[in-house]
2 protein chains.
Amino acid sequence: MSNTSGLALSDVRVLDLTRAVAGPTCTRLLVEMGAEVIKIEAMPDGDFSRGVSVFKNDRSLYFMQQNRGKQSLCVNLRDPRGMALLLELVPKVDVVVENFRPGVIDAMGLGYERLRELKPDIVLCSISSFGQTGPLSDKPGYDFIGQAYSGMTSMVGEYGERPGLIGAAVGDAGTGAHAALGVLAALRRRDRDGVGDHLDVAILDTYYSYHDANVHSVNGSGGALSPTRNGAHTPYLSPCGVFRASGGFIVIMAFMHHWPDLCRSMQRGDLISHADFCEEALRIKNRAALTTIIEAWLAEFPDVASAVQVMQAGDVPCAPVLTIEETLTDDHLRARGTVRTVDDPLHGKVDIPGNPIRWKDHPNNIPLSAPLLGQHNVEVLRDKLGKDAETIDALIEAGVLGQKNC
Amino acid sequence: MSNTSGLALSDVRVLDLTRAVAGPTCTRLLVEMGAEVIKIEAMPDGDFSRGVSVFKNDRSLYFMQQNRGKQSLCVNLRDPRGMALLLELVPKVDVVVENFRPGVIDAMGLGYERLRELKPDIVLCSISSFGQTGPLSDKPGYDFIGQAYSGMTSMVGEYGERPGLIGAAVGDAGTGAHAALGVLAALRRRDRDGVGDHLDVAILDTYYSYHDANVHSVNGSGGALSPTRNGAHTPYLSPCGVFRASGGFIVIMAFMHHWPDLCRSMQRGDLISHADFCEEALRIKNRAALTTIIEAWLAEFPDVASAVQVMQAGDVPCAPVLTIEETLTDDHLRARGTVRTVDDPLHGKVDIPGNPIRWKDHPNNIPLSAPLLGQHNVEVLRDKLGKDAETIDALIEAGVLGQKNC
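Procedures and definitions
- Residues numbered from 1 in each chain as written.
- Chains lettered and ligands numbered in written order.
- Predicted model: local features only at pLDDT ≥ 70, side-chain atom pairs only at ≥ 80, totals over all residues.
- Helix = DSSP H or I, 4+ residues; strand = E, 2+ residues; numbered from the N terminus.
- Buried ≥ 20, exposed ≤ 12 C-beta atoms within 10 Å, placed from the backbone.
- Contact = placed C-beta atoms within 7 Å.
- Nonpolar A, V, L, I, M, F, W, Y, C, P; charged D, E, K, R; others polar.
- Pairing = 2+ DSSP bridges.
- Domains from an automatic or database assignment.
- Arc of directions from axis to C-beta.
- Least-squares fit on C-alpha atoms with pLDDT ≥ 70 in both.
- Axes fitted to C-alpha atoms, helices over the stretch in contact; angles between N-to-C directions.
- Right-handed = clockwise from strand over helix to strand, strands pointing away.
- Parallel < 35°, antiparallel > 145°, perpendicular 65-115°, else oblique.
- Left-handed = near helix turned anticlockwise from the far one by under 90°.
- Core = buried A, V, L, I, M, F, W, Y, C linked by C-beta atoms within 7 Å.
- Expected span 1.5 Å × (residues − 1).

What about the overall build of chain A?
Within chain A, the secondary structure is distributed over 17 helices and 14 strands. Out of the 406 residues in chain A, the part that is buried amounts to 57%. Here the contacts in chain A between residues at least 6 apart in sequence split such that 70% fall between residues at least 24 apart.

So, in structure tokens, the structure goes:
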């Protein structure tokens, strides 16, 4: 644990019953802002994300990335003495976060009503795919399941073709951020009014809230608009999309007031007032012809970077479509710490994403390590629950607590 | 304005200098939790999102959706008397949120140092595409620009083909949520330590943080893994992707421990231990053959819903790929308020996404209306700045304040 005094959440303690991605993202964000997070891991193997992704010395980098700075308490949850430890911890924390399937936490004896008996102003944050209510709430789900029900999957892919997936946990991670936001709001209310709350944050709802225009477009247009996937170009603006260039691809967003800047960058001032392209509606209608002109111009450059440089000099919103490898060495991403190198006790140095929230007068990217399984068993029982060494040894001996070097 | 007493942020007042999407999403989330948001709109037309999307009675539904519950103060920012009103408001608020291009707010005379002179514990939240620092910080950007630099665009599309776009403001909205989270953390620190802060939240950083596995996979594997787009299936799990069905598409995630459940749903218990499919690695290797089997089975159903029903009964994680229209009438999305109908003063009833954060003991989906341009000019100047009617009339007369019925 780093010294967190002065950090925004240094006075917040969280009991973290989550695993995999959406839940751990919520508590990862809280840790980065200084919260103390006690992660409960079920014996024998703990969070199942310890078993996925890329390994070195038995360390899953997937687990490492999502769980830096958390304390690991590895407990046999099928043993009543293990469950008793959890119940004992509840009055010592401000927040409980869980992402079991709805109903499971009640069955475990850790439902909201029970938690309130143990700590009247507890904040319980439940994260799930479909939410705690509604006909689908008991169905199994993951990011792509919530995404498909939200209509978001229908917005990815080529027009008229099979929809595709987004190759990252966009919904899981975004849901974790909304959950963390809900937790801080609930804590503010608790501090002021002395009441807790039970938050219900779902991947489905989060994805749905990302439809800035799609939802209202349908009945707002009386059914005339029917939003669907459109490949590499947005349907309602032009030029706006992904264009082929030498050795790669470039996103260009030169619609509306940006159009003349692109024309000037292309040294094609004649296009600004060209009869086929002078208005947004015309550029949309004549998108194919316009794409041909732009891609022919891009092909004159030796590479993506030189074309981007010319357009950026002309103030045209544009970007190379960087591969993941390219992001690791990009000047801007490195300078800003968007990509950061961390030193893991088991793995050594490795790159992971930086903290997405930056502060001017508050530490950024504090040094944190992901815990070994059960690394903080003794520390938590001694410091939080006041157990003596003999009691802790007896629990270890009885198989109520576990530990592994991974 | 609704009565917000008892809401989590009923004691928080925000000066909102944002427009378009990422910024207004931040303040939209704050409003939903009870904050009072004074939105500054520049004369003559205000937030440019008032001019986009679907209209009725001059009302942009795009503007409506992102700005419900905010107060609109429409000011001539090129008139020193207009700017003076903004400076007068700063000591009356807790938070200022802005999403100008970096440097603009300093040039306007509203930079962090100036704001601190006016209110020492002010929280300033700056939202941008690339962030406030780094070589690209002064470049123009939008969601898709940050997305391309983050490597996320390279993860969307068919393997080996041109990358595609996600048809919604996923990055804008997610960045707004991270900004709101940063604001609440900063307010907690302010309340405890008496200090403000300047937050720097970027679309690029937010997208990058969504790479749950892609970033560490590259150097964690010593360069052996090179994450890229993979169309409708995830590369490292199987079956896991989008499958063709009768009249539509279904996402099925029947990897690892879910595999036997899918086999039983298909009444193909023989596949569980089949030599080609009995292990995850084999199912990945033989993905094409497995997809053919699954899609042939799906084709036997009359429609998507009946196939989903059978798999859900067998506890297989799966989902129909709903179109946007289908989401509007889905039982679950309606029952949960994931889609909600609001009544806009100019437009009438229309569907928009529900608030992604739900509370058990705190009002959800509070009734809110988007403001007309300049609707709260008098109210804000009178109630927040103590101006008398004569002064306000003189400012209107002088063209320092504006109003429009849109």
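Considering the interface of chain A and chain B
Contacts between chain A and chain B engage 127 residues on the former and 127 residues on the latter. The greatest single-element share of the side of chain A that touches chain B, amounting to 15 residues, is contributed by helix 7 (residues 170-193) of chain A. Each residue belonging to the side of chain A that touches chain B can be placed in one class, and the counts come to 66 nonpolar, 39 polar and 22 charged. Pairing of strand 14 (residues 357-359) of chain A with strand 8 (residues 197-202) of chain B involves 3 bridges; the strand directions are antiparallel. Considered in strand 8 of chain B, the bridge of Trp359 of chain A is made with Leu199 of chain B.

Some thoughts on the domain arrangement of chain A
Taken domain by domain, chain A holds domain 1 (13-209 + 337-397) and domain 2 (240-326). A straight line from the C-alpha centre of domain 1 of chain A to that of domain 2 of chain A covers 43 Å.

Quick look at helix 13 (residues 304-313) of chain B
Along an α-helix, a turn takes 3.6 residues, which lines up residues three or four apart on a common side. Residue and element names in this part refer to chain B. Burial in helix 13 covers these residues: Val304, Ala307, Val308 and Met311. When helix 13 is viewed along its axis, its buried side chains cluster within an angular range of 100° and face the same direction. Looking at the buried side of helix 13, the elements it contacts are strand 9 (240-245), strand 10 (248-253), helix 10 (259-265), helix 12 (287-298) and strand 11 (318-320). Following helix 13 by one or two positions, Asp315 adopts a phi angle in the positive range, close to 65°.

Considerations on the relation of the copies chain A and chain B
The two copies are related by a screw operation: chain A maps onto chain B through 180° of rotation and 0.0 Å of translation along the axis, at an RMSD of 0.0 Å. In the structure described here, the two chain copies are related by an operation that fits a two-fold rotation axis. Within chain A, the C-alpha atom positioned nearest to the axis of rotation is that of Leu181 of chain A, 2.3 Å from it.

Remarks on the sheet that holds strand 2 (residues 36-42) of chain A
Read from one edge to the other, the open sheet built from 7 strands follows the order 5(A)-2(A)-1(A)-6(A)-7(A)-8(A)-14(B), with strand pairing classed as mixed. Looking at the sheet topology across the chains shown, the edges are occupied by strand 5 (71-75) of chain A together with strand 14 (357-359) of chain B. Across this sheet, the average inter-strand angle for adjacent strands is 20°, counted without regard to direction.

As for the sheet that holds strand 9 of chain B
Residue and element names in this part refer to chain B. Spatial strand order, 9-10-11: 3 strands in an open sheet with antiparallel pairing. The open sheet is flanked by strand 9 and strand 11, the only strands paired with a single partner. This sheet shows a mean twist of 25° between the axes of neighbouring strands, independent of strand direction. Pairing analysis gives 6 bridges linking strand 9 to strand 10, with the strands arranged antiparallel.

Quick look at unusual backbone geometry
Residue and element names in this part refer to chain A. With an omega of 5°, the peptide bond running from Met43 to Pro44 counts as cis. Checked against the element boundaries, Pro44 lands in the loop between strand 2 and strand 3 (55-56). Residue Pro239 is bonded to the preceding Ser238 through a cis peptide linkage, with omega at -10°. You can see Pro239 is positioned in the loop between helix 9 (214-220) and strand 9 (240-245).

Points about the pairing of strand 2 of chain A
All names here are of chain A. Burial analysis of strand 2 places 6 of its 7 residues in the buried class, the great majority of the element. Here 4 bridges tie strand 1 (residues 13-16) to strand 2, and the two strands are oriented parallel to one another. Along strand 2, the bridge assignment pairs Leu15 with Ile38. Regarding topology, helix 1 (residues 22-32) serves as the crossover connection from strand 1 to the parallel strand 2, and that connection is right-handed. Across 5 bridges, strand 2 lies against strand 5 in parallel orientation. Looking at strand 5, one finds that Ala42 is bridged to Val75.

With respect to the packing of helix 1 (residues 22-32) of chain B against helix 7 (residues 170-193) of chain B
Working note: a packed helix pair is described by the angle between its axes plus the distance between those axes. Residues and elements named next belong to chain B. Packing of helix 1 against helix 7 leaves a shortest axis separation of 7 Å and a crossing angle of 50°. Judged on the interaxial angle alone, helix 7 and helix 1 are oblique. As for the relative orientation of helix 1 and helix 7, their crossing is right-handed in sense. For the pair helix 1 and helix 7, the contacting residues are Ala22, Gly23, Thr25, Cys26, Leu29 and Leu30 in the first and Asp172, Ala173, Thr175, Gly176, Ala177, Ala179 and Ala180 in the second. Per-class residue counts for the contact of helix 1 with helix 7 are 8 nonpolar, 4 polar and 1 charged.

Section: the environment of Ile396 of chain B
Residue and element names in this part refer to chain B. You can see Ile396 is positioned in helix 17 (residues 389-397). Since 16 C-beta atoms lie within 10 Å of it, Ile396 is described here as partly exposed. Taking the C-alpha atoms as reference points, Ile396 and Arg189, 207 residues apart in sequence, are found 39 Å from one another.

Looking at the nonpolar core
Grouped together as the largest cluster of nonpolar side chains are 248 residues, with contacts concentrated most on Ile250 of chain A together with Ile250 of chain B. Here Ile250 of chain A is in contact with Phe243, Ala245, Leu298, Val304, Ala307, Val308, Cys318, Ala319, Pro320 and Val321 of chain A, once residues within four sequence places are set aside.

Here's the deal with the environment of His211 of chain B
As for its position among the elements, His211 of chain B is in the loop between helix 8 (203-209) and helix 9 (214-220). Judged by C-beta crowding, with 26 C-beta atoms within 10 Å, His211 of chain B ranks as buried. Expressed as a C-alpha distance, the spacing of His211 of chain B and Met152 of chain B, which sit 59 residues apart in the sequence, is 7.9 Å. Not counting the four nearest positions on each side in its chain, His211 of chain B is found in contact with Ala168 and Pro353 of chain A together with Gly151 of chain B.

Quick notes on helix 12 (residues 287-298) of chain A
Residue and element names in this part refer to chain A. The end-to-end C-alpha separation of helix 12 is 16 Å, in line with the 16 Å expected for 12 residues at 1.5 Å each. All of the buried residues in helix 12 are Leu290, Ile294 and Leu298. In a view along the axis of helix 12, the buried residues occupy a sector of 75°, so they form one face of it. The exposed set on the far side of helix 12, more than 90 degrees from its buried face, consists of Ala288, Ala289, Thr292 and Ala296. On its buried face, helix 12 is in contact with strand 9, strand 10 (248-253), helix 11 (280-285) and helix 13 (304-313).

Digging into the pairing of strand 8 (residues 197-202) of chain A
Residue and element names in this part refer to chain A. Of all 6 residues that make up strand 8, 6 are buried, and the element is covered over most of its length. Neither face of strand 8 is open: one carries Asp197, Leu199 and Val201, the other His198, Asp200 and Ala202, and all of them are buried. Across 6 bridges, the pairing between strand 7 (residues 123-128) and strand 8 is parallel. Considered in strand 8, the bridge of Val123 is made with Asp197.

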